[in-house]
Amino acid sequence: MFKFNFDIDENSKRECSNEKQDDINVSNQEFGCFYLNDLQNEDAEHGRNKFDSYTSDLVPNVYEGGFKTWECSHDLVAYLSSIVSNFQEMTTVIELGCGSGLPGLELNKHRRFHVDFQDFNREVVEQTGKQLKSEEENYNNRMFFGDWGDLVNVIPSKHYDIILTSETIYNIGNYRKLVQLFDHCLKAQGVIYLAAKIYYFGVQGGVRQFEEFINKTGLFNIRVVRVIDANVKREILAIKRSAC
Ligand SMILES: C[S@@+](CC[C@H](N)C(=O)[O-])C[C@H]1O[C@@H](n2cnc3c(N)ncnc32)[C@H](O)[C@@H]1O
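Residues numbered from 1 in each chain as written. Predicted model: local features only at pLDDT ≥ 70, side-chain atom pairs only at ≥ 80, totals over all residues.

The chain carries the name protein-histidine N-methyltransferase in an unreviewed UniProt entry, which gives Rotaria socialis as its organism. For the chain, the Sequence similarities (unreviewed entry) comment in UniProt is given as "Belongs to the methyltransferase superfamily. METTL18 family." (UniProt positions renumbered as here; feature names shortened; annotations may be inferred.)

Okay, structure coming up:
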């Protein structure tokens, strides 16, 4: 079976810490967490200007497209609306690579979900947080920012019933750290809903490539739960831990 080349301490719950561990791959991206209660409106106002000079949707490892709302996040919102009544218990959720965070915001409308958010850029989660603050009164959501490879040190382990993620598998080079983060923070009986295009032109990732990668790990089983047969084909996957 495929194995990550380092082990994760399953008991580590260094929530909202900014410490690095020596054995984790190091990126230059700042990473950490804040509680939405602590977000000042002016933080969210100014952050976006930093990215105004970029003419591209994505600047790899600098800005990963979080200020734009991508197609698959609408697909995921529609899918979640169709299954939301299946979840009766209090349910912990995190949206990874949230950008504007539409799927997470959708679940957050229902009281039984506690939703946290993560994006590569702090400025992006600040903006998403501002949106969230305008929709609810009590906002104790956690907002994580930084590279997935660094966030295994910050996001609590085995904590989430549901992981949401949309348009985050375009870069094959990130599959290992994304799957590692799934494994780190998903509860034993949890489920990941992943929305993506079948193929990302120019960057080579896509649903079948991601499936192949995940199958090699032996950690998860994948089921296609919705196909969107548009010009650029898209799918939604439900991913669960494989039985030991
Ligand atoms: C194309 S955007 C999609 C945004 C949003 N989910 C949507 O569908 O509208 C890709 C998102 O993946 C996240 N991302 C990409 N690479 C990442 C990395 N190495 N570490 C953490 N987040 C990453 C970024 O947060 C970015 O917002």
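Moving on from the coordinates now.
> Outline the overall build of the chain, listing residues and values.
Looking only at helices and strands, the chain has seven helices and eight strands in total. Counting over 244 residues, the chain shows a buried share of 39%. Sequence separation of 24 or more characterises 72% of the internal contacts of the chain that already satisfy a separation of 6 or more. (Helix = DSSP H or I, 4+ residues; strand = E, 2+ residues; numbered from the N terminus. Buried ≥ 20, exposed ≤ 12 C-beta atoms within 10 Å, placed from the backbone. Contact = placed C-beta atoms within 7 Å.)

> Would you mind going over the site of the ligand in detail, with residue names and values included?
Near the ligand lie 20 residues; those nearest to it are Gly-65, Gly-66, Trp-70, Gly-97 and Gly-99. Considered class by class, the residues forming the shell around the ligand number six nonpolar, ten polar and four charged. (Near = placed C-beta within 6 Å. Nonpolar A, V, L, I, M, F, W, Y, C, P; charged D, E, K, R; others polar.)

> I'd like a description of the nonpolar core, backed by residues and values.
Side chains that are nonpolar tend, in soluble globular proteins, to be buried together. One finds Leu-76, Leu-151, Ile-163, Leu-181 and Tyr-193 to be the most contacted residues of the largest nonpolar core, which totals 53 residues. Residue contributions to this core peak at six residues, all from strand β6 (residues 186–197). When sequence neighbours within four positions are dropped, the list of residues in contact with Leu-151 reads Phe-31, Gln-118, Phe-144, Gly-146 and Leu-181. (Core = buried A, V, L, I, M, F, W, Y, C linked by C-beta atoms within 7 Å.)

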